Amino acid sequence: MREVFAVGIPSAIATFLFDLDYMIIDKMMAAYHDLALAAIGIVLKVERFPLNAGIGICQGMMPLVAYSYAAKHHRRMEDTIRLSRRLGLMIALISIILYEIFAVGFTRLFIADARTVDMASQFLRIRVLATPLMFLSFFTVYLFQAFGKGKIALFLGVMRWLVFNIPMLFVLNGIFGMYGIVWSQVTADTLTVILSFAVYHRYRPREREK
C-alpha cells in the first residue's frame, strides 16, 4: 500500500498543479479583455491534442519500463525509454509544423470572429513551441514513477509548477504583459527540462545496479 501511494500521490499532485496553472492563466488573461480570454481558451484546448498524445505514450511506456526495471532487463528498459522518447518528440515536432502553418485554420474550428482568430493564432504559434519541452517534462516524471521513486517524481512536479511555471506567469506578465503569459510556458519548461535531465542522469538506474 505504501508503494501505491508513494507513486500515486505525486501523480495526483502534478495533475492538480497542471489544472491550477491553467486557472491562473485564465485569470490573468481575463484582466486584459474578453478577446484575450477567448483566444487563450482556444489555444489551451488546441495544444491539448499533441500534449495528450505525449501523455498517452508516457502512460503506455510506464508499465513496460516498470516491468523491465523490476525484472532487471536493463537493455529492454532502455530500448523502451528510447523508443517512447522518440515517438513523443516526433509527435511534438509534427505538431509544431502543423500549428505554425495552419494556426488560423485550427483556431477557426472553435470560433469565427476575425479578431479572436488572429490573436489566438498568434498565441498558438508561440505556445506550440513548448510542446516537446512539455513532453520531456512529463516523460521524466513518468520514468521515476516507473522506477518506484515517487519522491523524485514529486520533487520534479513541484519544481515544474510551483517554482518555474506559475512564478514565471507572474514575472513575464509583469514585464511583457499579455504576451509574456503566452511565452511563460516555453521559458519555464526550458528550465524544467534542464533540471529534469540533470536529475535523471544523477538518479536513473544503471546496468551495474543488477
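Our subject is the structure that appears above.
Residues numbered from 1 in each chain as written. Predicted model: local features only at pLDDT ≥ 70, side-chain atom pairs only at ≥ 80, totals over all residues. Heavy atoms only, no water.

A. Main features of the overall build of the chain. Looking only at helices and strands, the chain features eight helices and zero strands. Counting helices and strands in the order they occur from the N terminus, the chain gives α-α-α-α-α-α-α-α. The principal-axis extents of the C-alpha atoms in the chain amount to approximately 60 × 30 × 30 Å. In the chain, which comprises 210 residues, the proportion classed as buried is 48%. A separation threshold of at least 6 residues defines the contact pool for the chain, and within that pool the share at least 24 residues apart is 76%. If you average the places of the 22 positive and of the 14 negative side-chain charges in the chain, the two averages end up 9 Å apart. (Helix = DSSP H or I, 4+ residues; strand = E, 2+ residues; numbered from the N terminus. Buried < 20%, exposed > 50% of the residue type's maximum accessible area, 1.4 Å probe, protein only. Contact = heavy atoms within 4.5 Å. Lys, Arg positive; Asp, Glu negative; His and termini not counted. Charge placed at Lys NZ, Arg CZ, Asp CG, Glu CD.)

B. Local environment of the packing of helix 3 (residues 48–70) against helix 4 (residues 74–108). In contact at an axis separation of 9 Å, helix 3 and helix 4 are set at 175° when each is read in the N-to-C sense. Classified by the interaxial angle, the pair formed by helix 3 and helix 4 is roughly antiparallel. Residues Phe49, Pro50, Ala53, Ile57, Met61, Leu64, Val65, Tyr67, Ser68 and Tyr69 of helix 3 form the contact with helix 4, whose own contacting residues are Arg76, Met77, Thr80, Ile81, Ser84, Leu87, Gly88, Ile91, Ser95 and Tyr99. Taken together, the residues of the contact of helix 3 with helix 4 sort by class into 14 nonpolar, five polar and one charged. (Axes fitted to C-alpha atoms, helices over the stretch in contact; angles between N-to-C directions. Parallel < 35°, antiparallel > 145°, perpendicular 65-115°, else oblique. Nonpolar A, V, L, I, M, F, W, Y, C, P; charged D, E, K, R; others polar.)

C. Molecular detail of the layout of surface pockets. By volume, the largest pocket is sized at about 300 Å³. Considering the residues around the largest pocket, the lining is formed by 20 residues, among which Ala14, Thr15, Ile55, Phe138 and Tyr142 are closest to the centre. Only helix 1 (2–30), helix 3, helix 6 (131–146), helix 7 (150–176) and helix 8 (178–203) provide two or more residues apiece to the lining of the largest pocket. Counted by class, the lining of the largest pocket contains nine nonpolar, nine polar and two charged residues. Considered as a void within the structure, the second largest pocket measures approximately 160 Å³ in volume. (1 Å grid on protein atoms, 1.4 Å probe; cavity = no way out; pocket = protein on both sides within 12 Å on 5 of 7 lines; lining within 4 Å. Points joined across faces, edges and corners; volume = space filled by probe spheres on them.)

Function cannot be inferred from these measures alone, as they are strictly geometric.
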